[in-house]
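What the coordinates show
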Amino acid sequence: IGISTEAERVEHLKAAHYNPFLLRSRDVIIDLMTDSGTGAMSAHQWAGVMEGDEAYAGSRNFSHLEETVRDIFGFQHLVPTHQGRGAENLLSQIAIKPGQYVPGNMYFTTTRYHQERNGGTFVDIIRDEAHDASLSIPFKGNIDLDKLQRLIDEKGAENIAYVCLAVTVNLAGGQPVSMKNMKEVRELTDRYGIKVFYDATRCVENAFFIKEQEEGYGDKSIREIVREMFSYADGCTMSGKKDCLVNIGGFLCMNDEKLFEKAKELVVVYEGMPSYGGMAGRDMEAMAIGLKEAVQYEYIEHRVKQVRYLGDKLREAGIPIVEPTGGHAVFIDARRFCPHLTQDQFPAQSLAANLYLESGVRSMERGIVSAGRDKITGDHHRPKLETVRLTIPRRVYTYRHMDLVAAAVQSLYEKRENIKGLRFVYEPAQLRFFTARFEEIS
Ligand code: PM9
């Protein structure tokens, strides 16, 4: 960890055009930008890396990963990809016909991008409460079944490509979905022959919340809960960089033979041979081992409770956060933190930039900038949740680091009225938050 002065950070932030994505990691003191690929692999995983079988076809690491995925998720077919968006690309191409709708429990940036790129229209069917930052209720990530039913009635089942159900819901604050809701979504979609694909990215965190908070699951193991969750799905996309405890990789799973054939035809175009897709043999080995570690209770309990510890500290200090604290991150509510800024002045982007200035802590905007523009009107999407995400990498930081982060946020909160708005000086056409450049509005 390199320690910088505030004067140095002023220069770094200017060079990064007020976008934390454009900072150099060496200029960051505590990096809470993302939990994606930033976790620490275990000694066992690193040992697995040494067992890499880099044969072009039929790698034994692929067989190990396939067996592990079948065992943990229960899906027959596995298509490895370079990361989650590689799986989203394949699924969107094989399962969406132009003009179809893809309902989901809140959008995710890359997921919606691929759906739209393939002619789909995303429809948000998450329960309304998920858009209310201060409301603390369990299973805020649930699908609103009435919204799904209405969509089917209005558009016709044949015009729905599939339901995309994320466990947990990242942009809602890492909020989980209950098992009851997953079961109900299955029952409803079965009546119309509609497929359900999960975004499995943080599924183990979701399983922890079910064990902790849903009646009837307290005595079940995380493995049993994960297996039951996926028994209500036709397949899933996975960003391995989160709950598979690896730095890179992902996959697409399904049971349907015909869909699998189509996925294999495409994976060779975009990723690689079906037995490695977008990953090296050694990475598939680390992922197989990581998945087995992720479903151990001791690991996931520590993970979720460390995030909650930071949330509790911030709440106790009077900082407005998205309630309740979710699985992977604490989301600061920028609307209440910076009430003097309008959403078009990018309050969350500016808050993230100012937190870096204040403390060297890097975070990520999850508000209007991340939401991008409507593909038809060209206007900004304006999400109700305008947030800054303090995302905790897995097995990296200690509770003491959380104390430092909480103190930094508190110190910024005391001078919050000094935070100025931002405007674009460069706005990329898609997924703009990654590479956009800004300047302060004086
Ligand atoms: N999530 C995150 O920081 C990394 C990219 S930031 C846009 O939260 C979900 C729920 C994700 C996710 C990535 C992906 C894409 C899909 N679904 O980054 O392509 O949180 O592996 O996964 C990020 P990949």
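The notes below deal with the structure included here. As the structure is a computational prediction, the values presented were derived from the model and not from experiment.

Reading the values: the criteria
- All residue numbers here refer to positions counted from 1 along the written sequence of the relevant chain.
- Residues qualify for local features only when their pLDDT is at least 70, as the model is predicted, and side-chain atom pairs are given and counted only at 80 or more; totals for whole chains, interfaces and linings, by contrast, use all residues.
- With hydrogens and water stripped out, all remaining heavy atoms of the structure feed into the side-chain values.
- Buried residues of nine kinds, namely Ala, Val, Leu, Ile, Met, Phe, Trp, Tyr and Cys, make up a nonpolar core once their side-chain atoms join them within 4.5 Å.
- Three exposure classes are used, based on accessible area relative to the maximum for each residue type with a 1.4 Å probe and protein chains only: buried under 20%, partly exposed in between, and exposed over 50%.
- Whether two residues are in contact is decided by their heavy atoms: any pair within 4.5 Å suffices.
- Secondary structure elements are defined from DSSP: runs of H or I of at least 4 residues count as helices, runs of E of at least 2 residues count as strands, and each element is numbered from the N terminus.
- By this rule, a helix spans an expected 1.5 Å times one less than how many residues it contains.
- Within 6.5 Å between ring centres, the rings of Phe, Tyr and Trp (the latter by its six-membered ring) count as paired, and their orientation is classed by plane angle as stacked under 30 degrees, edge-to-face over 60, tilted in between.
- As a reminder, the over-ring test applies to NZ of lysine and CZ of arginine, requiring each to be within 6 Å of the ring centre and within 35 degrees of the ring normal.
- Using only the protein atoms, space was sampled on a 1 Å grid; points where a 1.4 Å probe fits but cannot get out form cavities, open sets with protein on both sides within 12 Å along at least five of seven lines form pockets, and lining residues are those with an atom within 4 Å of a point.
- Grid points are joined across faces, edges and corners, and a volume is the space filled by probe spheres set on the points.
- In the scheme used here, Gly and all other residues not listed as nonpolar or charged are polar, with Ala, Val, Leu, Ile, Met, Phe, Trp, Tyr, Cys and Pro taken as nonpolar and Asp, Glu, Lys and Arg as charged.

Some thoughts on the nonpolar core
Soluble globular proteins tend to bury their nonpolar side chains together. Counting residues in each nonpolar core, the largest one holds 77 residues, and the members touching the most others are Phe 73, Tyr 198, Met 229, Phe 230 and Phe 251. Residues contacting Phe 230, with those up to four places away along its chain left out, are Phe 73, Phe 75, Tyr 198, Ala 200, Cys 203 and Cys 236. The next biggest cluster of nonpolar side chains, apart from the first, holds 31 residues, and it includes Ile 29, Ala 334, Cys 338 and Val 409.

Some thoughts on helix 11 (residues 281–294)
Compared with the 20 Å implied by 1.5 Å per residue over 14 residues, the 20 Å span of helix 11 between its first and last C-alpha is a close match. Counting buried positions along helix 11 yields 11 of 14 residues, so the element is predominantly enclosed. By the burial criterion, the buried members of helix 11 are Gly 281, Met 284, Glu 285, Ala 286, Met 287, Ala 288, Ile 289, Gly 290, Leu 291, Glu 293 and Ala 294. Check the buried side of helix 11 and you find it contacts helix 2 (43–49), helix 3 (60–73), strand 2 (77–81), helix 8 (203–213), strand 8 (250–254) and helix 12 (297–316).

Focus on the packing of aromatic side chains
Aromatic ring pairs: the centre-centre distance and the angle between the two ring planes describe each pair. Under the defined criterion, the tally for this structure stands at 16 aromatic pairs. Sitting over the face of the ring of Tyr 107, Arg 112 holds its NZ or CZ atom 4.2 Å from the ring centroid. Lying across the ring of Phe 433, Arg 366 places its NZ or CZ 4.9 Å from the centre.

Describing the layout of surface pockets
By rolling a water-sized probe across the atoms, one finds the places where empty space is left. Counted as a void, the largest pocket has a volume near 500 Å³. Residue lining of the largest pocket: 38 residues in total, with Phe 108, Thr 109, Thr 110, Asn 170 and Lys 242 positioned closest to the centre. Secondary-structure elements contributing two or more residues to the lining of the largest pocket are helix 4 (84–95), helix 5 (109–117), strand 5 (163–166), strand 7 (235–239) and strand 11 (364–366). It is helix 5 that provides the largest number of residues to the lining of the largest pocket, a total of 5 residues. Residue composition of the lining of the largest pocket, by class: 14 nonpolar, 15 polar and 9 charged. One number sums up the size of the second largest pocket: a volume of about 430 Å³. Elements with a contribution of two residues or more to the lining of the second largest pocket: helix 5 and strand 4 (121–124). Residue classes in the lining of the second largest pocket are distributed as 8 nonpolar, 5 polar and 8 charged.

Remarks on unusual backbone geometry
Thr 168 follows Val 167 through a cis peptide bond whose omega is -10 degrees. Assignment of secondary structure puts Thr 168 in the loop between strand 5 and helix 7 (179–192). With phi around 75 degrees, Met 106 is a residue other than glycine that occupies positive phi space. As for its position among the elements, Met 106 is in the loop between strand 3 (101–104) and helix 5.

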